[in-house]
Amino acid sequence: MTAQASTSVVELRQDGDVLLVSVNNPPVNALGAAVRQGLMAAMEQADASAAVKAVVIVGEGKAFIAGADIREFGKPPVQPFLPDVCNRIEACSKPVVAVIHGAALGGGLEIAMSAHYRLALPGAKLGLPEVSLGLLPGAGGTQRAPRLMGVKAATELMLSGQQIGAKAGLAAGLVDKPDDGTDPVAAGLAYARELLAQGAPLRPVSATPGRLADKAAAQAELDALRADTAKKSRGLFSPLKIIDCVQAALDLPFAEGLKFERTQFLACIDSPQRAGLIHAFFAERETAKIPEARAAQPRAFSKIAIIGGGTMGAGITVSALDAGLVVTMIERDAESIARGQANVEKVYNGLIAKGRMSEEAKAAILARYTPSTRYDEIADVDLVIEAVFEDLEVKKAVFKELDRVCKSGAVLATNTSYLDIDAIAAVTSRPQDVIGLHFFSPANIMKLLEIVVPAKVAPDVVTTAFELARKMKKVPVRAGVCDGFIGNRILATYKQAADYLMEDGASPYEIDEAVRGFGFAMGPFQVTDLAGGDIGWATRKRRAATRDPKARYVEIADRICEQGWFGQKTGRGFYLYPQGARIGQPDPEVLAIVDAERAKKGVTPRPFTAEEIMRRYMAAMVNEGAKVVGEGIALRPLDVDVTFISGYGFPRHRGGPMKWADMQGLDKVLADIEAFAKEDALFWKPAPLLQKLVAEGKNFESLNK
Ligand code: 3HC
Ligand code: NAI
């Protein structure tokens with residue numbers, strides 16, 4: 001084997017009569033400009049050299065090619081463009097084989113589809129996930145995938161962004177041959193030689209209609225997908241454009257289809273949704289980069305204990321069992337632990353009922369679960385997560401007990417939503433081991449995990465918490481101690497803004513509709529009804545004594561709770577839920593309560609448009625977010641963004657509240673807050689950080705670096 005030519009990111013080696021093209025651009029071989037240039041040069045060499053009879057493209061490291069270099073989007077494009085690279089590969093005069101191991105995603109799969117033959121190794125992950133970045137496959141993917149896979153399978157792959165393995169790829173027509181080997185180079189060379197021996201022809205996908213040959217059937221499939229997508233895409237920009245591109249694949253010659261795809265791709269690149277979604281992609285990877293990670297290795301853990309088997313304790317137990325951990329659950333008494341165990345089993349029984357789990361698999365998982373009422377049984381666990389009632393005294397008693405029984409070095413975590421974790425840590429002899437792990441309900445489903453860092457905690461306890469999040473496949477966000485941490489603290493503020501809007505003239509139904517129109521799955525009053533109005537009511541009563549008497553207080557929710565209307569579980573709350581309905585109907589009696597409260601306060605109701613509602617709602621969210629960052633409760637604005645996208649249903653395509661504010665212009669957001677402050681200076685007090693950034697002409701993004 002002799003080295004013939006190499007750039008640093010694309011290496012070329014001649015192996016007998018095969019030119020081996022290795023993409024080596026860690027960590028995931030993204031198709032940056034240098035890789036594109038290297039692939040172009042490789043094809044030139046393949047064509048020019050009589051010694052080359054076939055070409056094999058492989059990726060070095062863990063991926064084949066994970067796609068276009070996402071960091072280049074939004075910057076001036078650099079030649080050669082990816083569609084041209086793909087066309088050049090397809091036009092090569094020698095057979096080209098793509099060897100897929102690991103991720104072949106987006107532009108990576110488009111490169112593979114441009115090759116004449118595709119070999120896939122066991123760990124292959126094939127997909128066109130551009131839609132999740134607000135894009136569409138823009139290097140011929142919308143034209144080649146339907147020819148190879150048929151309209152339905154190809155369009156579903158593009159609309160879902162899902163990945164498929166080698167076997168499914170073979171069944172779908174995307175893969176020519178699966179290979180059991182582990183060495184992509186050896187497998188690729190062997191396949192290329194096999195093809196040469198057979199005299200296998202060049203097979204450019206663009207040259208034939210392939211699975212688009214039956215136009216009428218393809219059109220019928222696409223019509224059905226268009227109707228479905230129009231219903232489901234909820235304001236997203238790129239899904240319908242994907243459908244349009246597939247239509248072009250049906251109607252136009254390949255080259256024309258490719259041109260159409262390019263115009264649609266560029267429109268997506270220019271859309272704010274692309275900016276929001278790509279911000280979310282990188283932000284989710286940044287939140288794990290915390291100061292403690294530099295110095296402190298996580299502590300080892302395999303056995304854990306969960307204290308409390310209620311809503312949260314059971315959900316966390318499922319999450320831990322699914323992560324392969326050994327779990328002991330502790331409850332107060334025999335009856336409570338039986339309920340706790342039933343709560344856990346209910347989740348797995350639900351999966352069995354849906355055909356997604358077997359009885360044997362459930363039994364195997366539950367073999368790692370021990371229910372108990374005796375704290376002494378958890379003396380040897382490595383990590384404890386407490387999820388008992390939200391009551392400081394109850395939690396303190398539990399932590400004293402944990403301090404007594406747990407081995408030295410065990411991590412002691414609390415799932416409290418609001419309480420002072422420093423105070424909880426202080427009742428133990430080991431505050432350095434105490435941390436907050438704030439899961440969200442349902443804990444086995446929700447992705448967000450706020451890792452709340454009290455003053456005295458040791459750095460390796462923080463990194464252990466991040467390691468737990470990784471094992472549980474959660475999105476971790478580092479938060480400081482304050483009332484409500486990042487998420488619930490900001491939520492409390494914008495919920496208050498919603499209450500003010502309601503008392504000032506917008507109905508709860510108009511507010512919910514405006515919030516849904518912005519892209520949230522639910523409005524704030526629907527959320528209250530879902531969570532149970534009694535929970536917020538209890539918190540308000542608890543805080544009544546410490547509330548600033550000058551602060552505006554809206555009593556409408558209290559009036560509703562006084563009727564016993566706690567939301568879905570009682571059949572009515574802000575909405576009516578006749579016969580257990582899950583979608584509520586507006587309730588005239590609630591509107592009468594709202595009217596009565598307005599009259600009592602002497603408020604003359606005024607109309608608000610959806611836009612006016614959202615300006616206040618978002619201004620409150622962003623202002624509190626800026627306070628949370630300014631006080632160091634969140635490390636960076638992106639941590640606030642990830643919290644809201646992963647835990648509070650914030651529309652991902654808007655990138656999170658801080659990204660949204662950057663896109664509006666911080667000066668505009670501050671001007672709104674200052675205007676609203678004329679009505680209520682106490683509530684609408686501008687965050688000092690927001691004022692500072694505006695004064696310096698900077699944005700939140702400048703703090704993310
Ligand atoms: N461009 C630039 N950087 C990328 C990247 C890409 N396409 N994909 C991943 N990275 C970076 C990540 O930001 C991360 O950087 P960091 O270490 O500095 O934080 C690093 O690579 C490793 O990524 P992960 O932490 O996500 O590693 P995993 O092993 O968990 O996952 C992966 C690997 C499955 C490839 C995952 O990174 C992924 O899904 N990447 C995005 C794939 C994608 O969306 N491709 C389509 C791009 S758009 C396109 O191709 C347009 C075309 O049609 C024209
Ligand atoms: P829950 O009332 O459903 O469960 C609490 C459980 O703790 C009960 O089963 C109770 O028997 C048990 N328990 C009480 N004292 C105990 C003790 N000394 N030893 C062992 N077990 C004991 O409450 P839920 O909703 O699960 O909340 C638990 C914690 O999680 C609270 O701190 C809450 O703030 C927090 N949380 C709740 C969320 C939610 O949406 N429900 C979301 C995030 C956090």
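All values derive from a computational prediction rather than experimental measurement.

A.B. asks: Can you tell me about the overall build of the chain, naming the residues and giving the values?
C.D. replies: Assigned secondary structure in the chain consists of 28 helices and 20 strands. With the C-alpha coordinates aligned to their principal axes, the bounding extent of the chain is approximately 85 × 60 × 55 Å. Looking at the chain as a whole, 55% of its 705 residues qualify as buried. Excluding contacts between residues fewer than 6 apart, the proportion of contacts in the chain whose partners are at least 24 apart in sequence is 72%.

A.B. asks: How would you sum up the site of ligand 2? Please name residues and give values.
C.D. replies: The local shell around ligand 2 holds 22 residues, among which Met312, Glu331, Glu390, Lys395 and Ser417 are the closest. Arginine 332 is positioned such that a nitrogen or oxygen atom in its side chain is 2.9 Å from an oxygen atom of ligand 2. Summarising the interface, the protein chains cover 79% of the accessible area of ligand 2, which totals 830 Å² for the free molecule. Those elements that provide at least two residues to the shell around ligand 2 are helix H12 (311-322), helix H15 (392-405) and strand S16 (434-439).

A.B. asks: Requested: an account of the pairing of strand S18 (residues 475-480), with residues and values cited.
C.D. replies: Buried residues dominate S18, accounting for six of its six residues. Judged by which residues are buried, S18 turns out to be covered on both faces: Val475, Val477 and Ala479 on one side and Pro476, Arg478 and Gly480 on the other are all buried. Summarising the sheet, strand S17 (residues 448-453) and S18 pair through six bridges and their orientation is parallel. Considered in S18, the bridge of valine 453 is made with glycine 480. What joins S17 to S18 is helix H17 (residues 459-471), and the crossover it makes is right-handed.

A.B. asks: Explain the sheet that holds strand S8 (residues 125-127) to me, using residue names and the numbers behind them.
C.D. replies: Strand order across the open sheet formed by three strands is S6-S8-S9, with mixed pairing between neighbours. A strand with exactly one partner marks an edge of an open sheet, and here the two such strands are strand S6 (103-105) and strand S9 (163-164). With three bridges connecting them, S6 and S8 associate as parallel partners. Bridge assignment links alanine 104 to a residue of S8, and that residue is leucine 126.

A.B. asks: I'd like a description of the site of ligand 1, backed by residues and values.
C.D. replies: Neighbouring residues of ligand 1: 26 residues in total, closest Lys62, Gly107, Glu110, Glu130 and Arg285. Between ligand 1 and isoleucine 70 there is a distance of 2.9 Å, counted from a nitrogen atom to a backbone nitrogen or oxygen. Protein burial of ligand 1: of its 990 Å² of free accessible surface, 77% is covered by the chains. For the shell around ligand 1, the elements supplying multiple residues, two or more each, are helix H3 (107-114) and helix H11 (272-286). When residues in the shell around ligand 1 are grouped by element, the largest group, three residues, is from H11. Looking at the shell around ligand 1, its residues break down into 15 nonpolar, four polar and seven charged.

A.B. asks: Explain the pattern of salt bridges to me, using residue names and the numbers behind them.
C.D. replies: Enumeration over the complete set of coordinates arrives at 55 salt bridges. For glutamate 555, the salt bridge goes to lysine 600, with nearest N and O atoms at 3.2 Å. Highlighted residues: glutamate 555 in the loop between helix H21 (533-543) and helix H22 (556-562) and lysine 600 in helix H23 (residues 588-601), separated in sequence by 45 residues. Taking the shortest distance from any N to any O, the salt bridge between glutamate 597 and arginine 559 comes out at 3.2 Å. Of this pair, glutamate 597 sits in helix H23 while arginine 559 sits in helix H22, placing them 38 residues apart in sequence. Among the charged side chains, a network of salt bridges with common partners joins Glu503, Asp504, Arg552, Lys601, Arg606, Arg616 and Glu679.

A.B. asks: I'd like a description of the packing of helix H27 (residues 666-677) against helix H28 (residues 688-696), backed by residues and values.
C.D. replies: When two helices pack together, their arrangement is given by the angle between their axes and by how far apart the axes lie. Packing of H27 against H28 brings their axes to within 9 Å, and their N-to-C directions diverge by 135°. Overall, the two elements H27 and H28 adopt an arrangement that is oblique. Of the two possible hands of crossing, H27 and H28 adopt the one that is left-handed. Contact residues: Leu666, Asp667, Leu670 and Ile673 in H27; Leu690, Gln691, Leu693 and Val694 in H28. Taken together, the residues of the contact of H27 with H28 sort by class into six nonpolar, one polar and one charged.

A.B. asks: Help me get a handle on the UniProt feature "domain: 3-hydroxyacyl-CoA dehydrogenase NAD binding" (unreviewed entry) in the chain, residues and values and all.
C.D. replies: Per the UniProt annotation, the sites labelled "domain: 3-hydroxyacyl-CoA dehydrogenase NAD binding" (unreviewed entry) are residues 303-479. For the annotated span residues 303-479, helix accounts for 41% and strand for 22% of the residues, and the straight-line distance between the end C-alpha atoms is 25 Å.

A.B. asks: Which residues make up the UniProt feature "domain: 3-hydroxyacyl-CoA dehydrogenase C-terminal" (unreviewed entry) in the chain, and what values do they have?
C.D. replies: According to UniProt, the feature "domain: 3-hydroxyacyl-CoA dehydrogenase C-terminal" (unreviewed entry) maps to residues 484-577 and 614-698 in the numbering used here. Here residues 484-577 runs as 59% helix and 2% strand, with 30 Å between its end C-alpha atoms. As a span, residues 614-698 carries 67% helix and 0% strand, and end to end its C-alpha atoms are 24 Å apart.

A.B. asks: Hey, could you go over helix H7 (residues 184-198) for me, with residue numbers and the actual values?
C.D. replies: With 15 residues, H7 should reach 21 Å at 1.5 Å per residue; the first-to-last C-alpha distance of 21 Å fits that figure. Of all the residues in H7, the buried ones are Pro184, Ala187, Gly188, Leu189, Tyr191, Ala192 and Leu195. On the buried face of H7, the contacting elements are strand S2 (10-15), strand S3 (18-23), strand S4 (54-59), strand S5 (96-100), strand S7 (117-120) and strand S10 (177-178). Backbone geometry just downstream of H7 places glycine 199 in the positive-phi region, at approximately 65°.

A.B. asks: Run through the confidence of the model for the chain, naming residues and quoting values.
C.D. replies: The predicted model of the chain averages 96 in pLDDT, with 99% of residues at 70 or higher. Taken together, the stretch residues 1-6 has pLDDT below 50 and engages in 15 contacts with residues farther than four places along the chain or on a different chain.

A.B. asks: Run through the environment of valine 411, naming residues and quoting values.
C.D. replies: Within the fold, valine 411 resides in strand S15 (residues 411-414). Note on valine 411: relative accessible area 3%, which makes it buried. Sequence spacing of valine 411 and methionine 149 is 262 residues, and the spatial spacing of their C-alpha atoms is 51 Å. With near-sequence residues (within four places) excluded, valine 411 lies in contact with Arg299, Asp382, Leu383, Val384, Asp433, Ile435, Val461 and Thr464.

A.B. asks: Summarise the sheet that holds strand S14 (residues 383-386); cite the residues concerned and give the values.
C.D. replies: With mixed pairing, eight strands are arranged side by side in an open sheet as S13-S12-S11-S14-S15-S16-S17-S18. Edge positions in the sheet fall to strand S13 (369-372) and S18, since each has one partner strand and no second. Neighbour to neighbour, the strand axes of the sheet diverge by 25° on average, direction disregarded. Across four bridges, S16 lies against S17 in antiparallel orientation. Paired with leucine 437 across the bridge in S17 is isoleucine 451. Contacts between H12 and the sheet are confined to strand S11 (303-307), strand S12 (326-330), S13, S14 and S16, with S12 contributing the most and set at about 165° to the helix.

A.B. asks: With reference to specific residues and values, describe the environment of alanine 514.
C.D. replies: Structurally, the position occupied by alanine 514 is in helix H19 (residues 508-518). Since its relative accessible area comes to 7%, alanine 514 is described here as buried. Here the alpha-carbon distance between alanine 514 and glycine 59, two residues 455 residues apart in the chain, equals 47 Å. Sequence-distant contacts of alanine 514, that is, excluding residues within four places in its chain, are made with Ala610, Ile613 and Met614.

Definitions and cut-offs
- Residues numbered from 1 in each chain as written.
- Chains lettered and ligands numbered in written order.
- Predicted model: local features only at pLDDT ≥ 70, side-chain atom pairs only at ≥ 80, totals over all residues.
- Heavy atoms only, no water.
- Helix = DSSP H or I, 4+ residues; strand = E, 2+ residues; numbered from the N terminus.
- Buried < 20%, exposed > 50% of the residue type's maximum accessible area, 1.4 Å probe, protein only.
- Contact = heavy atoms within 4.5 Å.
- Near = heavy atom within 4 Å.
- Polar contact = N/O pair within 3.5 Å; in protein donor to acceptor, adjacent residues only side chain to side chain.
- Areas by Shrake-Rupley, 256 points an atom, 1.4 Å probe, with all protein chains shown as cover.
- Pairing = 2+ DSSP bridges.
- Right-handed = clockwise from strand over helix to strand, strands pointing away.
- Nonpolar A, V, L, I, M, F, W, Y, C, P; charged D, E, K, R; others polar.
- Salt bridge = Lys/Arg side-chain N within 4 Å of Asp/Glu carboxyl O.
- Axes fitted to C-alpha atoms, helices over the stretch in contact; angles between N-to-C directions.
- Parallel < 35°, antiparallel > 145°, perpendicular 65-115°, else oblique.
- Left-handed = near helix turned anticlockwise from the far one by under 90°.
- UniProt positions renumbered as here; feature names shortened; annotations may be inferred.
- Expected span 1.5 Å × (residues − 1).
- pLDDT = per-residue confidence, 0-100.

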